[in-house]
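Spelled out from the first residue to the last, the chains are:
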Amino acid sequence: MSDAIRAVILGIIEGVTEFLPVSSTGHLLLAERFFHLGEGAFWDSFTVLIQLGAILAIVVLYFKKLWDVAIGMFTGDVYARRFVIGVLVAFLPAVIVGLVAGKYIKSMLFNPWVVCFSLIVGGAILLWVDKLDLKAREHDATRFPLLMYLYIGIAQCIAMIPGVSRSGASIVAAMFLGADKRAAAEFSFFLAIPTMIGAFAYDFYKNRSEMTMDHMGIVAIGFVVSFVTAIIVVKTFLEYVTRHGFVVFAWWRVIVGTLGLIALALGR
């Protein structure tokens, strides 16, 4: 399989799974383990770098809202300033945990067994949450209370375990704290912006000396594919989850995790 085709496949996986509560990291790790996609140091960096394509999709789709927030920061809009502070507050716990325990987490937990168990447990939690009669009090992701942003950020840290899902953890936390499904999903999108940009900048800086022009071309392919795929998925996901909830994503997690465990048990 050519590197260009690998880049396209991994770009699709990233774009589809980054904002769904199914764990993009988990799916990419399973794709590497069972289909031999993305093996090696370059491909480890590749899967981090193409996340910026998915993040660009959020910037494009929410450009007006983000622009209004940016303008509001300088025109005295209290809600705009509080939202920006809220995103930074929610982002901070992941930075601290990443700096303190990032290497340990990657060395000890980044394996397909952990991914499969996490997918199944996370799927069961989504099924349970979807059946709860949670009373929504917050309907605008840009106007959550500051403490609510902090608690969502703390919950997001659980997603450092591969297979948990960053978006899933933040969505479930937001719903328990009073957000409706749409607002919870939208804030998970906004929180992804600093989280993924930080990961991109760190990985690119760390591996900049090893990036050749050929490597940059492959990254560009994955970037574009993940961008286009993410735009389609985000627009569809919001409407779907508002009407139907998370059941289909929960069962997807359970099925993928179970099939993965069976394959691992058979020595695949």
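Residues numbered from 1 in each chain as written. Predicted model: local features only at pLDDT ≥ 70, side-chain atom pairs only at ≥ 80, totals over all residues. Heavy atoms only, no water.

Colleague: Outline the layout of surface pockets, listing residues and values.
Modeller: In this model, the largest pocket occupies a volume close to 1,400 Å³. V48, K106, F110, M160 and A199 are the residues nearest the centre of the largest pocket, which is lined by 44 residues in total. Those elements that place two or more of their residues in the lining of the largest pocket are α1 (3–17), α2 (24–35), α3 (41–49), α6 (78–109), α9 (166–176) and α10 (181–206). With nine residues, the top contributor of residues to the lining of the largest pocket is α6. Residue composition of the lining of the largest pocket, by class: 21 nonpolar, 15 polar and eight charged. Here the second largest pocket defines a volume of roughly 290 Å³. The wall of the second largest pocket is formed by 14 residues, among which I125, V164, G168, A169 and V172 lie closest to the centre. Taken together, the elements giving at least two residues each to the lining of the second largest pocket come down to α7 (112–131) and α9. Per-element accounting of the lining of the second largest pocket gives the leading share, five residues, to α7. Partitioning the lining of the second largest pocket into residue classes produces ten nonpolar, three polar and one charged. (1 Å grid on protein atoms, 1.4 Å probe; cavity = no way out; pocket = protein on both sides within 12 Å on 5 of 7 lines; lining within 4 Å. Points joined across faces, edges and corners; volume = space filled by probe spheres on them. Helix = DSSP H or I, 4+ residues; strand = E, 2+ residues; numbered from the N terminus. Nonpolar A, V, L, I, M, F, W, Y, C, P; charged D, E, K, R; others polar.)

Colleague: So what's going on with the packing of α6 against helix α8 (residues 146–156)? Residues and values would help.
Modeller: Interaxial distance between α6 and α8 falls to 7 Å at its minimum, and their mutual angle equals 30°. Between α6 and α8, the angle is such that the two are roughly parallel. Where α6 crosses over α8, the two elements pack in a sense that is right-handed. Counting all contacts with α6, which are made through R82, F83, I85, G86, V89, A90, P93 and A94, the residues of α8 involved are L146, Y149, L150, G153, I154 and Q156. Looking at the contact of α6 with α8, its residues break down into ten nonpolar, three polar and one charged. (Axes fitted to C-alpha atoms, helices over the stretch in contact; angles between N-to-C directions. Parallel < 35°, antiparallel > 145°, perpendicular 65-115°, else oblique. Left-handed = near helix turned anticlockwise from the far one by under 90°. Contact = heavy atoms within 4.5 Å.)

Colleague: Got a sec to walk through a nonpolar patch on the surface? Specific residues and values, please.
Modeller: Together, V121, I125, W128, L132, L134 and F176 give the surface a local cluster of nonpolar side chains, amounting to about 520 Å² of exposed area. The greatest single-element share of the nonpolar patch, amounting to three residues, is contributed by α7. Topologically, F176 is positioned in helix α9. (Patch = residues over 30% accessible without salt bridge, like charges linked within 9 Å, V, L, I, M, F, W, Y side chains within 5 Å. Areas by Shrake-Rupley, 256 points an atom, 1.4 Å probe, with all protein chains shown as cover. Salt bridge = Lys/Arg side-chain N within 4 Å of Asp/Glu carboxyl O.)

Colleague: Describe the environment of A174, and please don't skip the residues or the numbers.
Modeller: Structurally, the position occupied by A174 is in helix α9. What makes A174 buried here is its relative accessible area of 1%. For A174 and F144, which are 30 residues apart along the polypeptide, the C-alpha to C-alpha distance reads 9.3 Å. In contact with A174, other than residues within four places in its own chain, are M148, I152, A179 and A184. (Buried < 20%, exposed > 50% of the residue type's maximum accessible area, 1.4 Å probe, protein only.)

Colleague: Any details on unusual backbone geometry? Residues and values, ideally.
Modeller: Despite not being glycine, S23 shows a phi value in the positive range, around 80°. Following the sequence through the fold, S23 ends up in the loop between α1 and α2. A positive phi angle, near 95°, is found at S165, a position not held by glycine. Residue placement: S165 occurs in the loop between α8 and α9. Judged by its relative accessible area of 3%, S165 falls in the buried class.

Colleague: Before we move on, can you summarise the pattern of salt bridges with the specific residues and values?
Modeller: One pass over the full model with this rule turns up seven salt bridges. Residue K65 pairs with E186 through a salt bridge whose shortest N-O separation is 3.9 Å. Of this pair, K65 sits in helix α5 (residues 63–74) while E186 sits in helix α10, and the two are 121 residues apart along the sequence. Given a relative accessible area of 9%, E186 falls into the buried group.

Colleague: Would you mind going over the packing of aromatic side chains in detail, with residue names and values included?
Modeller: By convention here, two paired aromatic rings are described through the distance between centres and the angle between planes. Applying the stated rule across the entire model yields 13 aromatic pairs. Residues F63 and W67 carry aromatic rings whose centres are separated by 6.0 Å and whose planes lie at 15° to one another, so their mutual orientation is stacked. Of the two residues, F63 and W67 are both situated in helix α5; the distance of four residues between them amounts to about one turn of the helix. Seen in terms of ring centroids, F144 and F187 are 5.8 Å apart; in terms of plane orientation they differ by 55°. Their pairing is tilted. Of the two residues, F144 sits in the loop between α7 and α8 while F187 sits in helix α10, which places them 43 residues apart along the sequence. With respect to burial, F144 and F187 carry one shared label: buried. (Phe/Tyr/Trp six-rings, centres within 6.5 Å; stacked < 30°, edge-to-face > 60°.)

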